[in-house]
Amino acid sequence: MAGWHPYLDSLRRQQGLRRLLHVSALGAAHDAPREYLRSKAGGDQQIRVAQAAGIRTTIFRPSVIFGREDSFLNLFARLVRSLPVIVLASPQARFQPVFVEDVARALVLSLVDARTADLCYDLCGPGIYTLQELVEYVCRVLGLERPVIPLNDQLSYLQAWMMEWLPVKLMTRDNYYSMKVDSVCACPFPGVFGFEPTPLEAVVPLYLAENTPRARYRWFRFRARR
C-alpha cells in the first residue's frame, strides 16, 4: 500500500498486528512552525495508512509531559539551582502540562476499550500556564528566590540562536518556533477513560523539591495513592 511503512507492514503480515497505539504531540501538523511537530504529523499519517490497512489504531496527542524524570520541569529546576537570574525566552508561551502516568493510563485503557479504536485524543492536564508562570512555580517549590527576566520576541530568537552553539543545547530555534503555538487543548480530558487528569501542583513538589529518603517515601506513597 502506498505510503505504508515497511516495518509496520512486516509486523502486520508476519506477526498479525491488529492493534496499534501512537503517541504523537499536541499541535502536530504538516504546516507547523517546528520541525518536531511536522515530523509527528508524518507519523500520524503513517498511522492512518495502517488504519486503512485494517489495523485498529489510536493516536494520542499530549501537551508537554511532566513526571519524576521529565526533561521539562527538571531542566528548569537545574537552572534555578545553578543560576542567580533566569533570562527567559518566550515567557508568554502557554502550556497545559499532563502527568506522564495519566498518559500511560490512557494508553493502557485504550487497549481494552474498543470505543477508542480509530480515534485521536488530545491529552492535557487541568491547568494552563505561561512559561514564566511555570519557571516561577519551580522557584517556589524549591524555596529559591530568582529574578525571572522575560525577553521580547527578538531577544528570544537571539537567545535560541546563540544557545544552538553551546555543547548542551538548552534551547534551539526549533524550540522558539514551537512556542509560537500554544500547547493547550481545545477540549476537556477525554471522558472515555473515566478519570480526571492530575493537577501539576499535586505531583511536582513530591519529586522536585528534594532528593532525600523522606521525599522518595512521599513519592512512593503518592504512587500507591495512600
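Cut-offs applied
- Residues numbered from 1 in each chain as written.
- Predicted model: local features only at pLDDT ≥ 70, side-chain atom pairs only at ≥ 80, totals over all residues.
- Heavy atoms only, no water.
- Helix = DSSP H or I, 4+ residues; strand = E, 2+ residues; numbered from the N terminus.
- Buried < 20%, exposed > 50% of the residue type's maximum accessible area, 1.4 Å probe, protein only.
- Contact = heavy atoms within 4.5 Å.
- Areas by Shrake-Rupley, 256 points an atom, 1.4 Å probe, with all protein chains shown as cover.
- Pairing = 2+ DSSP bridges.
- Axes fitted to C-alpha atoms, helices over the stretch in contact; angles between N-to-C directions.
- Salt bridge = Lys/Arg side-chain N within 4 Å of Asp/Glu carboxyl O.
- Expected span 1.5 Å × (residues − 1).

Chemist: Mind showing me how you'd approach the overall build of the protein here?
Modeler: Helices and strands together make up the secondary structure of the protein, namely nine helices and nine strands. Across the 226 residues that make up the protein, the buried fraction comes to 46%. Across the protein, every contact between residues at least 6 apart in sequence was considered, and the portion connecting residues at least 24 apart equals 77%. Carbon and sulfur atoms make up 56% of the accessible area of the protein, which totals about 12500 Å².

Chemist: How should I be thinking about the sheet that holds strand S1 (residues 19-23) in this particular structure?
Modeler: Each strand in a sheet pairs with another by means of backbone hydrogen bonds, the pair being arranged parallel or else antiparallel. As summarised here, the arrangement of the three strands in space is S1-S2-S7, forming an open sheet in which the pairing is parallel. Lying at the two open borders of the sheet, with one neighbouring strand each, are S1 and strand S7 (119-123). Between one strand axis and the next, the sheet turns through 15° on average, direction left out of account. The pairing of S1 with strand S2 (residues 56-62) spans five bridges and is parallel. Paired with Arg-19 across the bridge in S2 is Arg-56.

Chemist: Teacher, can you tell me more about the environment of Leu-119 here?
Modeler: Mapped onto the fold, Leu-119 is located in strand S7. Non-local contacts of Leu-119, meaning those with residues more than four positions away in its chain, are made with Thr-57, Thr-58 and Ile-59.

Chemist: What exactly am I supposed to notice about the pattern of salt bridges here?
Modeler: Taken as a whole, this structure holds eight salt bridges when the rule is applied. Between Glu-35 and Arg-38 there is a salt bridge whose closest N-O contact spans 3.0 Å. With Glu-35 and Arg-38 both in helix H2 (residues 35-52) and three residues apart, the pair spans about one turn of that helix. Among the residues examined, Glu-35 registers a relative accessible area of 44% and is labelled partly exposed. Take Arg-38: its relative accessible area is 31%, and that puts it in the partly exposed class. With a shortest N-O distance of 2.9 Å, Arg-56 and Asp-118 are connected by a salt bridge. One end of the pair, Arg-56, is in strand S2; the other, Asp-118, is in the loop between helix H4 (100-111) and S7, and 62 residues separate them in sequence.

Chemist: Please explain H2 as it appears in this structure.
Modeler: Taking 1.5 Å per residue as the helical rise, H2 with its 18 residues ought to reach 26 Å, and the 26 Å between its terminal C-alpha atoms agrees with that figure. Within H2 the residues assigned to the buried category are Leu-37, Ala-41, Gly-43, Asp-44, Ile-47, Val-49 and Ala-50. Looking at the buried positions of H2, the neighbouring elements they touch are S1 and S2. Taken from the residues just after H2, Gly-54 is the one with a positive phi, measuring 100°.

Chemist: Can you walk me through unusual backbone geometry in this structure?
Modeler: With phi around 50°, Ser-90 is a residue other than glycine that occupies positive phi space. In this structure, Ser-90 sits in the loop between strand S4 (86-88) and strand S5 (94-95). Phi is positive for Asp-118, which is not a glycine, with a value near 65°. Taking relative accessible area as the criterion, Asp-118 reaches 27% and is therefore assigned partly exposed.

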